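Letter by letter, the chains look like this.
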Amino acid sequence: CTRVLCGVPRQQETVKGLYELLKPGGRMLLCEHVVSSWPTRGRLLGWLVQKFLVLAGWQFWMGGCSVNRDTVSALIEAGGPQGWKEVKLEHVDSWHPIPFVVGEMVKA
C-alpha cells in the first residue's frame, strides 16, 4: 500500500480485507501518511498545520485524502486476536504536517 489507505472510504474494513487476503507469513508493505503523533513524537507546529489543512478542506481538495487518520491503529487492529507475527514500522518526518509510516507487517 503506497499512499492509498488515506483515501479509501471505509479504511478499517479495507485494511481487514487486505489482512484476510494475506496467507500466513504474507507481508504487507506500506508507505502511508498518518495522523500527527504529537505530543509523543513530532512537533506542535506540524500538528497545528495538519489541523489547519483539515479545516481548510484538504480532504475535499485532495480527492478524499484524510491526513488525520490513525492508519497504524487500523492496521494493527486488522490482525484481530491472532495479530501480526512482525510489525516493523518506521515513522518518517514525524515533525512534518504530513508524517509517514514506512515498513512491513507479517501475518501470523
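Calculation criteria
Residues numbered from 1 in each chain as written. Predicted model: local features only at pLDDT ≥ 70, side-chain atom pairs only at ≥ 80, totals over all residues. Heavy atoms only, no water. Helix = DSSP H or I, 4+ residues; strand = E, 2+ residues; numbered from the N terminus. Buried < 20%, exposed > 50% of the residue type's maximum accessible area, 1.4 Å probe, protein only. Lys, Arg positive; Asp, Glu negative; His and termini not counted. Salt bridge = Lys/Arg side-chain N within 4 Å of Asp/Glu carboxyl O. Polar contact = N/O pair within 3.5 Å; in protein donor to acceptor, adjacent residues only side chain to side chain. Contact = heavy atoms within 4.5 Å.

Observations concerning the side chain of Glu32
Here's step 1: Tracing the chain through its elements places Glu32 in strand β1 (residues 27–33).
Here's step 2: One buried charged side chain, Glu32, makes no salt bridge at all; its nearest oppositely charged neighbour is Arg3, positioned 7.4 Å away.
Here's step 3: Within the structure, the side chain of Glu32 is placed 3.1 Å from the backbone nitrogen of Val4, a separation counted as a polar contact.
Here's step 4: A polar atom in the side chain of Glu32 sits 3.1 Å from the backbone nitrogen of Leu5.
Here's step 5: If we skip the residues at most four places from it in the chain, Glu32 touches Cys1, Thr2, Arg3, Val4, Leu5, Cys6, Thr71, Pro99, Phe100 and Val101.

Digging into the pattern of salt bridges
Here's step 1: In this structure the tally under the stated criterion is four salt bridges.
Here's step 2: A salt bridge links Glu13 to Arg10; its shortest N-O distance comes to 3.2 Å.
Here's step 3: Given the relative accessible area of 52%, Arg10 is considered exposed.
Here's step 4: The partner of Arg27 in a salt bridge is Glu104, with the nearest N and O atoms 3.0 Å apart. Taken together, the residues span a long stretch of sequence, with Arg27 in strand β1 and Glu104 in strand β3 (residues 100–107) at a distance of 77 residues.
Here's step 5: The class for Arg27 is partly exposed, based on a relative accessible area of 49%.
Here's step 6: We classify Glu104 as buried; its relative accessible area is 17%.

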